[in-house]
Amino acid sequence: MIWVVMGCMLLAATLVVAWPLFRRQRRLTPSLLTAVATVLIVSAVVYSRIGTPVAPEAPATIDDMVASLAARLEENPEDLNGWTMLGRSYVQMQRYPEAVAAYTRAVALESASNAQTLADFGEAVVLSEAGQISDRAEQLFENALGLETNNPKALFYGGIAAIERNDRALAADRWEALLALAPPAEIQEVLRQRIAEWRGLEQPVLSGESSASNAAVISARVSLAAEVAAKIGPNATVFIIARDPDQPSPPIAATRRMASELPTTVTLGDADAMIPGRLLSGFDRLEIIARASTSGEPIAQTGDWYGEESMVISESAAVEIVIEHEVQ
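Residues numbered from 1 in each chain as written. Predicted model: local features only at pLDDT ≥ 70, side-chain atom pairs only at ≥ 80, totals over all residues. Heavy atoms only, no water.

Student: Now, about the nonpolar core: what can you tell me, with residues and values included?
Tutor: Core analysis: the largest hydrophobic core is formed by 50 residues, its most contacted members being Leu86, Val91, Phe121, Ile133, Trp175 and Leu191. Secondary structure elements with two or more residues in this core: helix H3 (62-75), helix H4 (80-92), helix H5 (96-109), helix H6 (115-128), helix H7 (135-147), helix H8 (152-164), helix H9 (168-180) and helix H10 (185-199). The next biggest cluster of nonpolar side chains, apart from the first, holds 29 residues, and it includes Ile232, Ile240, Ala292 and Ile323. (Core = buried A, V, L, I, M, F, W, Y, C linked by side-chain atoms within 4.5 Å. Buried < 20%, exposed > 50% of the residue type's maximum accessible area, 1.4 Å probe, protein only. Helix = DSSP H or I, 4+ residues; strand = E, 2+ residues; numbered from the N terminus.)

In structure tokens form, the structure reads like this:
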């Protein structure tokens, strides 16, 4: 769990630093990459100081620890965790060609079956090639998304790769999926701005200036059928989505809960809009879908469970949804 939390924090920090530079320079320049690497290095150093239960009397330098790990791997070249750790360390130290070599070994040991390793490998390739998303790096991100459609790093870089080849629709799709993973609020603002730009919608304003109301537009009472609750367990992610029946994608608004929180009443308002310019208050008819995902992916997968109801806002702003149907 700690690595999941750290990963989300690092992604948030990376986006905050990287996007303003990318927006201004329109490519992943060395200055942008240096800024990103600095965030990662500082984060790693902070964790090494705070997260280690017992500090050694004579702390080794990062160079010493990495050299020791590299030497150990020469004696034990089948150590998968060691190669991935070495790759991360080399990225933090801006030794990108060595990071690429380390991830090459890790991917080979995993037979290219781990999405996160592929995404990390792709990032190392981008960094080693002066910020250019080459065909090799792009293919690694594509392979990662093929294995795990909601991998945050692959969605981030995959969106940039799509916009670089002028595929705005795909770029927006991928960053919408990243937005659906509920990153920190400041990251959501950046994602919404870029998605609106790529969709050709009116540009949103930043927090503190938003005109979107926090008042509830609709209310949904969401519950699980007893047999479904027994099958999916309490840790399944439940996505509650409001969409336009005439244009289901992208959703108008979305939020998420855990299965353990159900039954519960969920309210959605204009502040929950996925895309600025498409507000709940602007629609007369809505479809409300509640979907339980054991994989945590925002895109429906076979084996997920769902319930849905249609509503006419002028008649009622409340709806009851029971999750009882399986996605086929």
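From this point on, the discussion continues.
Student: So, the environment of Leu262: which residues are in play, and what are the values?
Tutor: By the element assignment, Leu262 lies in the loop between strand E3 (253-258) and strand E4 (264-269). With 40 residues separating them along the chain, Leu262 and Val222 place their C-alpha atoms 6.7 Å apart. Here Leu262 is in contact with Val222, Ser223, Leu224, Val238 and Ile323, once residues within four sequence places are set aside. (Contact = heavy atoms within 4.5 Å.)

Student: Tell me about the side chain of Glu123, and name the residues and values.
Tutor: Within the element layout of this structure, Glu123 appears in helix H6. Leave out the neighbours within four places in its chain, and Glu123 touches Phe141, Lys153 and Tyr157.

Student: Please give an account of the pattern of salt bridges that cites residues and values.
Tutor: Across all of its chains, the model carries 11 salt bridges by this definition. Taking the shortest distance from any N to any O, the salt bridge between Arg72 and Asp79 comes out at 2.8 Å. Taking relative accessible area as the criterion, Arg72 reaches 40% and is therefore assigned partly exposed. Between Asp120 and Lys153 there is a salt bridge, and its shortest N-O distance comes to 2.7 Å. Of this pair, Asp120 sits in helix H6 while Lys153 sits in helix H8, placing them 33 residues apart in sequence. A residue is classified by how much of its surface remains accessible, and Asp120, at 9% relative accessible area, is buried. The structure contains a network of salt bridges with shared partners spanning Asp120, Glu123 and Lys153. (Salt bridge = Lys/Arg side-chain N within 4 Å of Asp/Glu carboxyl O.)

Student: Please provide a residue-by-residue account of unusual backbone geometry, values included.
Tutor: Each neighbour pair has its own omega, and for Leu262 with Pro263 the value is 0°, a cis peptide bond. Tracing the chain through its elements places Pro263 in the loop between E3 and E4. Although it is not a glycine, Ala112 sits at a positive phi angle of roughly 55°. Tracing the sequence through the fold places Ala112 in the loop between H5 and H6. A positive phi is found at Asn166, a non-glycine position, where the angle reads about 65°. Along the chain, Asn166 falls in the loop between H8 and H9. A relative accessible area of 59% places Asn166 in the exposed class.

Student: Describe in detail the packing of H6 against H8, supporting the description with residues and values.
Tutor: For the pair H6 and H8, interaxial distance at closest approach is 8 Å and the crossing angle is 40°. In this view, H6 runs oblique relative to H8, as classed from their interaxial angle. Relative to H8, the crossing made by H6 is left-handed. Facing Gln116, Ala119, Asp120, Glu123 and Val126 of H6, the residues of H8 in contact are Lys153, Ala154 and Tyr157. (Axes fitted to C-alpha atoms, helices over the stretch in contact; angles between N-to-C directions. Parallel < 35°, antiparallel > 145°, perpendicular 65-115°, else oblique. Left-handed = near helix turned anticlockwise from the far one by under 90°.)

Student: Quick rundown of the packing of aromatic side chains? Include the residues and the values.
Tutor: Summed over all chains, the structure comprises 5 aromatic pairs. One aromatic cluster is present, built from ring pairs that chain together Phe141, Phe156, Tyr157, Trp175 and Trp198. (Phe/Tyr/Trp six-rings, centres within 6.5 Å; stacked < 30°, edge-to-face > 60°.)

Student: Mind laying out the sheet that holds strand E2 (residues 237-243), listing which residues take part and the relevant values?
Tutor: Spatially, the 5 strands line up as an open sheet ordered E3-E2-E5-E6-E8, and their pairing is antiparallel. Edge positions in the open sheet fall to E3 and strand E8 (325-326), since each of these has one partner strand only. Where E2 lies against E3, 6 bridges are found, and the strand directions are antiparallel. Bridging across to E3, Ile241 finds its partner in Ala254. (Pairing = 2+ DSSP bridges.)

Student: Give a detailed account of the pairing of strand E1 (residues 216-224), specifying residues and quantitative values.
Tutor: Relative to E4, E1 runs antiparallel, the two sharing 6 bridges. When the bridges of E4 are listed, Arg221 appears paired with Thr265. Across 6 bridges, the pairing between E1 and strand E7 (residues 318-323) is parallel. In the sheet register, Arg221 faces E7, and the bridge partner there is Glu320.

Student: Go over the side chain of Asn151 with me, naming the residues and quoting the values.
Tutor: Mapped onto the secondary structure, Asn151 falls in the loop between H7 and H8. Within the structure, the side chain of Asn151 is placed 2.9 Å from the side chain of Gln116, a separation counted as a polar contact. (Polar contact = N/O pair within 3.5 Å; in protein donor to acceptor, adjacent residues only side chain to side chain.)

Student: An account of the sheet that holds E4 is needed here, citing residue identities and associated values.
Tutor: The strand order E4-E1-E7 describes an open sheet built from 3 strands, whose pairing is mixed. Among the strands making up the open sheet, the edge pair consists of E4 and E7. Taken over all neighbouring pairs, the strand axes of this sheet differ in orientation by 25° on average, direction set aside.

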